[in-house]
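Analysis of the macromolecular model
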Amino acid sequence: MTNPPNILLIYTGGTIGMVKDYKTNALKAFDFSQIVDNIPELQQLNCHIKSISFKEPIDSSNMNIKYYVDIVELIEKNYTKFDGFVILTGSDTMSYVSSAVSFMLKNLKKPIIFTGSQLPIGDLRTDAKENLITSIQIAASQEDGKPVLAEVCLYFEYKLYRANRTTKISAEQFEAFTSMNYPPLAESGVHLNFNKHLIHQPKNKHDELIVRKQLANDIVILKLFPGIRKEVVQSILEIPNLKGVVLETYGSGNAPTSKSFIKLLEDAIDKGIKIVNVTQCAGGSVIQGHYETSVALNKIGVINGKDITTEAAIAKLMHLLNKNLTVLDFKFLFEKSMRGEITEVE
Ligand code: ASP
């Protein structure tokens, strides 16, 4: 008989780790080192669970590059000792942090499952228990002694997604996330069903894990809206040391055709700023050059973000901008799938 898998639970903060003090009615942080004792259901899972917690749990609105590095360092330090990892963060920026982590880990061979909840774990109607228990079960899932998953995922309300395909869509519903451009990797009902054909299969079994901790944050999201003023676009593109822009355009990647707007973008690109075209639509893809309103973007060297989410585009910019790539290599790498974040169409 093989040994039960070892799972490391990393609590960074967020609603999930709270309990109600019924005397005062206030929500307070839960001591995660006691989690297995406090949630007896966890003892029924066929795995060993160890948990560690950030010294000071944070709301995910306070997440930044420093915390991304803290998370990957915890994974790196424990990578050989554990078979799977469950990372608990606040849901508000979970798609951003999990997308970033997906780029920071190359040649991953083990599952990393991000989860959280809309209601605290100590609330009577909580969604936290199901999210936590199923995430641990997924992280512990093995076939022929090997993990079923070898990628960074996000589990919420019965669905497992590739993390860098997700977006938070609701501050109210338990179904808080969606992945419009890539189907769920697994669905939890009476059975836990993996959609095996959608799951990433590591190519070279012998490649070691590579951890990249250098991230750039001289970047900005520029969301277009009808009537946006030239001065606004100009002042954003003239931010000192700006390196990358996620340009949120309309529909399939369309933007105003006015000469003055295109010239601003062109000047920024000439200065070395990388501009990525991402659609404002929840689903679908940028098709640069499809409409007249995106032909000029193609010509001046705007990068085609295809069907990437804004969250993943930010993470990919953070990751690639520190690599000293040539203009052509940067565009080539951004437009191709590195961690399954983009659909490559011929
Ligand atoms: N504000 C919380 C956070 O993102 C919400 C949550 O945990 O879902 O940290």
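The structure presented is a predicted model; accordingly, all values stated were derived computationally and were not measured.

Each helix and strand in the chain was counted, giving nine helices and 20 strands. A globule of 346 residues ought to have a C-alpha radius of gyration of about 20 Å, and the chain, at 21 Å, matches this closely. Counting all 346 residues of the chain, 52% fall into the buried class. For the chain, restricting intrachain contacts to residue pairs at least 6 apart in sequence, the fraction spanning at least 24 positions comes to 73%. Carbon together with sulfur atoms contributes 50% to the accessible area of the chain, which is approximately 16900 Å² in total.

Near the ligand, the surroundings consist of Gly14, Thr15, Asp59, Ser60, Gly90, Ser91, Asp92 and Ser117. In the environment of the ligand, a nitrogen atom lies 2.9 Å from a nitrogen or oxygen atom belonging to the side chain of Asp92. Between the ligand and the protein, one listed contact pairs an oxygen atom with a backbone N or O atom of Ser117 at 3.2 Å. If the ligand stood free it would expose 260 Å²; the protein chains cover 88% of that surface. Split by residue class, the shell around the ligand holds no nonpolar, six polar and two charged.

Glancing now at the nonpolar core. Among the nonpolar cores identified, the biggest contains 54 residues, and Ile75, Val101, Ile112 and Phe334 are the most heavily contacted of them. Per-element accounting of this core gives the leading share, eight residues, to helix α2 (residues 65-78). Residues within four places of Phe334 in sequence aside, it is in contact with Val276, Ile303, Ile308, Ala313, Lys316, Leu317, Leu320 and Ile342. Of all hydrophobic cores here, the second largest spans 35 residues; its members include Val19, Phe32, Cys47 and Val148.

The periodicity of an α-helix, 3.6 residues per turn, causes residues three or four places apart in sequence to face the same way. Of all the eleven residues making up helix α8 (residues 310-320), eleven are buried; the element is thus mostly covered by neighbouring parts of the structure. All buried positions along α8 are accounted for by Thr310, Glu311, Ala312, Ala313, Ile314, Ala315, Lys316, Leu317, Met318, His319 and Leu320.

Right, let's get into the sheet that holds strand β15 (residues 192-194). Paired through backbone hydrogen bonds, the strands of a sheet run either parallel or antiparallel to each other. Read across the sheet, eight strands follow the order β4-β1-β5-β7-β10-β11-β14-β15 without closing on themselves; strand pairing throughout is mixed. Since the sheet does not close on itself, it has two edges, and those belong to β4 (48-53) and β15, each with one partner. Along the sheet, successive strands turn relative to each other by an average axial angle of 20 degrees, direction set aside. Taken together, the five bridges between strand β1 (residues 6-11) and strand β5 (residues 84-88) define a ladder with parallel strand orientation. Counterpart to Ile10 in the pairing with β5 is Ile87. Packed on one face of the sheet, α2 meets β1, β4, β5 and β7 (112-115) and runs near 160 degrees to β5.

The next thing to look at is the sheet that holds strand β18 (residues 244-249). On the basis of which strands lie adjacent, the open sheet formed by four strands has the order β17-β18-β19-β20 and parallel pairing. The two strands at the open ends of the sheet, each matched to only one other strand, are β17 (219-223) and β20 (303-304). Taken together, the five bridges between β17 and β18 define a ladder with parallel strand orientation. Paired with Lys223 across the two strands is Glu248, which belongs to β18. Sheet contacts for α8: β17, β18 and β19 (274-279); angle to β18, the most-contacted strand, approximately 160 degrees.

Glancing now at the environment of Lys20. In this structure, Lys20 sits in strand β2 (residues 18-21). It is 7.9 Å that separates the C-alpha atoms of Lys20 and Pro120, two residues lying 100 residues apart in sequence. Residues within four places of Lys20 in sequence aside, it is in contact with Asn25, Ala26, Leu27, Gly122 and Asp123.

Enumeration over the complete set of coordinates arrives at zero disulfides. No disulfide involves Cys47; its nearest neighbouring cysteine sulfur is the one of Cys153, lying 16 Å away.

Structurally, Pro40 is set in the loop between α1 (35-38) and β4. What makes Pro40 partly exposed here is its relative accessible area of 47%.

Glancing now at helix α4 (residues 128-139). With twelve residues, α4 should reach 16 Å at 1.5 Å per residue; the first-to-last C-alpha distance of 16 Å fits that figure. Of all twelve residues that make up α4, nine are buried, and the element is covered over most of its length. Listed in full, the buried residues belonging to α4 are Ala128, Asn131, Leu132, Ile133, Thr134, Ser135, Ile136, Ile138 and Ala139.

What counts, and where the lines are drawn
- Once a new chain begins, its residue numbering starts again from 1 and follows that chain's sequence as written.
- Residues qualify for local features only when their pLDDT is at least 70, as the model is predicted, and side-chain atom pairs are given and counted only at 80 or more; totals for whole chains, interfaces and linings, by contrast, use all residues.
- Side-chain descriptors were evaluated using all non-hydrogen atoms of the structure, hydrogens and water having been removed beforehand.
- Note on conventions: DSSP H or I runs of at least 4 residues are helices, E runs of at least 2 residues are strands, and numbering of each starts at the N terminus.
- Atoms counted for the radius of gyration: C-alpha only. Globule rule: 2.2 Å times residue count to the power 0.38.
- A simple rule labels every residue: compare its accessible area, found with a 1.4 Å probe on the protein chains alone, to the largest value its type can have, and call it buried under 20%, exposed over 50%, or partly exposed in between.
- Contacts are assigned to residue pairs that have any heavy atoms within 4.5 Å of one another.
- Per-residue and other accessible areas follow the Shrake-Rupley method at a 1.4 Å probe size, with only the shown protein chains counted as cover for residues.
- Throughout this document, a residue counts as near a molecule or strand when at least one of its heavy atoms sits within 4 Å of that molecule or strand.
- Side-chain atoms alone can form a polar contact between residues adjacent in sequence; in general such a contact is a pair of N or O atoms within 3.5 Å, and within protein one must be able to donate a hydrogen while the other accepts it.
- Residues are grouped as follows: Ala, Val, Leu, Ile, Met, Phe, Trp, Tyr, Cys and Pro are nonpolar; Asp, Glu, Lys and Arg are charged; all remaining types, including Gly, are polar.
- By nonpolar core is meant a set of buried Ala, Val, Leu, Ile, Met, Phe, Trp, Tyr and Cys residues that side-chain atoms within 4.5 Å join together.
- When DSSP finds two or more bridges between two strands, those strands count as paired.
- All axes are obtained by fitting lines to C-alpha atoms, using only the stretch in contact for helices, and the reported angles, taken between N-to-C directions, cover 0 to 180 degrees.
- Cysteine sulfur pairs qualify as disulfides if the two atoms are within 2.5 Å.
- Each residue after the first adds 1.5 Å to the expected span of a helix.

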